[in-house]
Amino acid sequence: MKKIILAALMMSSAFAGNLSDEFQTLLQEKLSFSGTVEVTTVADAYVGYVAQFEVTSYGETRPNWCYIVDTEIVECQDDWFNN
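Residues numbered from 1 in each chain as written. Predicted model: local features only at pLDDT ≥ 70, side-chain atom pairs only at ≥ 80, totals over all residues. Heavy atoms only, no water.

Quick look at the state of the cysteines
For the coordinates displayed, the defined rule picks out 1 disulfide. Paired through a disulfide, C66 and C76 show a sulfur-sulfur distance of 1.9 Å. Where C66 bonds to C76 through sulfur, the torsion about that S-S bond is close to 105 degrees, and the disulfide is right-handed. Of the two residues, C66 is situated in strand β3 (residues 60-69) and C76 in strand β4 (residues 72-76); the sequence distance between them amounts to 10 residues. Residue C66 is classed as buried on the basis of its relative accessible area of 0%. A residue is classified by how much of its surface remains accessible, and C76, at 19% relative accessible area, is buried. (Disulfide = S-S within 2.5 Å. Helix = DSSP H or I, 4+ residues; strand = E, 2+ residues; numbered from the N terminus. Buried < 20%, exposed > 50% of the residue type's maximum accessible area, 1.4 Å probe, protein only.)

Following this line, the structure appears as structure tokens:
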């Protein structure tokens, strides 16, 4: 039983890691100004996911979040992304 739980935990963390990479690429490509995006956490949210991340630009790093369904950015804390 412990092996099954451990395997499930490892698979879910790998899946979350893949989503982090995917969302980081998506957000970086849609950022409307010069800067970098680093996803810190991805959480399951009803139909989609909430990605929390940091945006660094002009020497300043700011936390942010976006609600993402499939590969579409639905809503963000700040409107920094091209649709």
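Re the environment of A51
If you trace the backbone, A51 turns up in strand β2 (residues 48-57). A residue is classified by how much of its surface remains accessible, and A51, at 0% relative accessible area, is buried. Spatially, the C-alpha atom of A51 lies 5.9 Å from that of T41, the residues being 10 residues apart in sequence. Among all residues touching A51, those that are not within four sequence positions of it are F23, T41, V42, N64, W65, C66 and I68. (Contact = heavy atoms within 4.5 Å.)

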